[in-house]
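Observations on chain architecture
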Amino acid sequence: MNGSRIAAVGHYQPARVLTNAELAGMVDTSDEWITSRVGIRTRHIAGPDEPVDELAAHAAAKALAAAGLAPGDIDLVLVATSTAIDRSPNMAARVAARIGIPSPAAMDVNVVCAGFTHALATADHAVRAGAASRALVIGADKMSDVTDWSDRTTCVLVGDGAGAAVVEASDEARIGPVLWGSVPEMGHAVRIEGQPARFAQEGQSVYRWATTQLPAIARRACERAGLAPEDLAGVVLHQANLRIIEPLAQKIGAVNAVVARDVSESGNTSAASIPLAFSKLVEQGRISTGDPVLLFGFGGNLSYAGQVVRCP
């Protein structure tokens with residue numbers, strides 16, 4: 001074995017749906033204002049009795065079932081999240097306990113909105129190096145816990161959810177080389193900080209960076225996989241804002257690709273957004289087994305990570 005592949009994916013969202021009309025009753029906003037600026041119509045919000053690890057465990061269980069695997073088949077659990085309340089035990093250990101994985105290496109990855117693609121690359125490296133045989137990679141965030149619901153500039157953006165992927169050894173590389181990096185001196189542009197922790201961002205700075213600097217980086221991720229953008233069947237960008245997703249996808253040049261627009265119904269779910277949107281495309285049959293798909297995360301820390309994967 002000299003590569004790794006995504007064997008299966010799964011996702012989970014809480015049942016509670018918060019509409020723009022409901023938000024308009026909470027803050028000075030409207031459905032027209034929200035949809036015209038960020039393209040979001042609804043988002044799912046977890047209740048007080050639904051912690052991050054529960055969201056993650058639901059998505060993980062679905063991915064395991066889709067792969068036809070038992071919990072004992074997993075020996076590495078990686079959870080990308082930035083909304084864990086407690087420092088220890090970490091989310092990965094809590095998820096492993098919830099679904100009965102007996103003795104995995106269990107680590108959290110906090111790269112905020114780019115967390116899942118960082119974690120996926122880490123799993124790929126671990127499997128190819130022989131440090132793990134099968135990994136469960138999860139992106140899960142409960143953004144409602146870190147949101148100021150009186151701030152109309154941020155509360156209209158966020159949602160809660162989780163997505164997961166099972167990564168295993170393969171006789172060919174079906175997870176392409178990662179291209180990752182950051183702009184640490186601009187880390188203040190997206191923040192979750194303070195006591196209590198609250199999400200804040202400099203929207204215009206993030207928009208300019210994402211739409212001007214990231215297209216070339218995403219194209220380089222395709223080059224590392226030996227593909228041209230027009231060869232892609234799917235593009236799954238971090239679901240931050242439709243006004244970022246659409247111009248970024250266009251500038252990448254993936255003219256034949258299905259572009260995920262799950263932000264419209266799910267909002268910005270941070271580390272969950274890419275696996276959540278990817279799993280939905282697979283479930284809906286909009287991309288097929290073996291199709292090349294660009295996964296590209298960006299955001300907090302002004303970090304980014306992207307790789308081309310083959311659809312399970």
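It should be noted that the structure appears before, not after, this text.
Before going into details, it helps to say that this report is about the structure given with it. Predicted, not measured: the structure shown is a model, and the values here were computed from it.

1. Concerning the sheet that holds strand S11 (residues 234–237)
Reading across the sheet, the five strands line up as S8-S14-S13-S11-S12 and stay open at both edges, with mixed pairing between neighbours. Where the open sheet ends on each side, the last strands, each with one partner, are strand S8 (179–182) and strand S12 (258–259). The strands touched by helix H5 (residues 115–128) within the sheet are S8, strand S13 (292–299) and strand S14 (303–310), with S14 carrying the most contacts at an inclination of about 55 degrees. This element, helix H9 (residues 242–252), spans S11, S12 and S13 of the sheet and lies at about 135 degrees to S11.

2. Things to note about the pattern of salt bridges
Overall, the coordinates contain 13 salt bridges when judged by the stated rule. Between arginine 16 and glutamate 22 there is a salt bridge, with its nearest N and O atoms 3.2 Å apart. Note that arginine 134 and glutamate 168 form a salt bridge whose closest N and O atoms lie 2.9 Å from each other. Of this pair, arginine 134 sits in strand S6 (residues 134–142) while glutamate 168 is found in strand S7 (residues 160–170), placing the two residues 34 residues apart along the sequence. With relative accessibility at 27%, the residue arginine 134 sits in the partly exposed group. On the accessibility criterion, glutamate 168 (12% relative accessible area) is buried. In the salt-bridge network here, residues are joined through shared partners; they are Arg5, Arg134 and Glu168.

3. Digging into the nonpolar core
Among the nonpolar cores identified, the biggest contains 47 residues, and Trp209, Leu214, Leu232, Leu237, Leu294, Phe296 and Phe298 are the most heavily contacted of them. Counting residues per element, the ones that place at least two in this core are helix H2 (31–38), helix H7 (203–212), helix H8 (214–224), S11, H9, S13 and S14. No other element matches the six residues that H9 contributes to this core. Ignoring sequence-local partners within four residues, the contact set of leucine 214 consists of Trp209, Leu248, Phe296, Phe298 and Tyr304. Residues Val9, Leu78, Ala123 and Val309 belong to the second largest nonpolar core, which totals 33 residues.

Definitions and limits used
Each chain has its residues counted from 1, following the order in which its sequence is written. In keeping with the model being predicted, local features are shown solely for residues with a pLDDT of at least 70 and side-chain atom pairs are shown and tallied solely at 80 or more, while totals for entire chains, interfaces and linings include all residues. By convention in this description, side-chain values take in all heavy atoms of the structure and omit both hydrogens and water. Each pair of strands is called paired provided DSSP finds at least two bridges between the two strands. Counting from the N terminus, the helices are the DSSP runs of H or I reaching at least four residues and the strands are the DSSP runs of E reaching at least two. In what follows, a contact means two residues having at least one pair of non-hydrogen atoms within 4.5 Å. A fitted line through C-alpha atoms represents every axis, and for helices the fit uses only the stretch in contact; the resulting angles, taken between N-to-C directions, go from 0 to 180 degrees. Put simply, a salt bridge is a Lys or Arg side-chain nitrogen that is within 4 Å of an Asp or Glu carboxyl oxygen. To sort residues, take the accessible area from a 1.4 Å probe on protein chains only and compare it with the maximum for the residue type: under 20% means buried, over 50% means exposed, and anything in between is partly exposed. What makes a nonpolar core is a set of buried Ala, Val, Leu, Ile, Met, Phe, Trp, Tyr and Cys residues whose side-chain atoms join them at distances within 4.5 Å.

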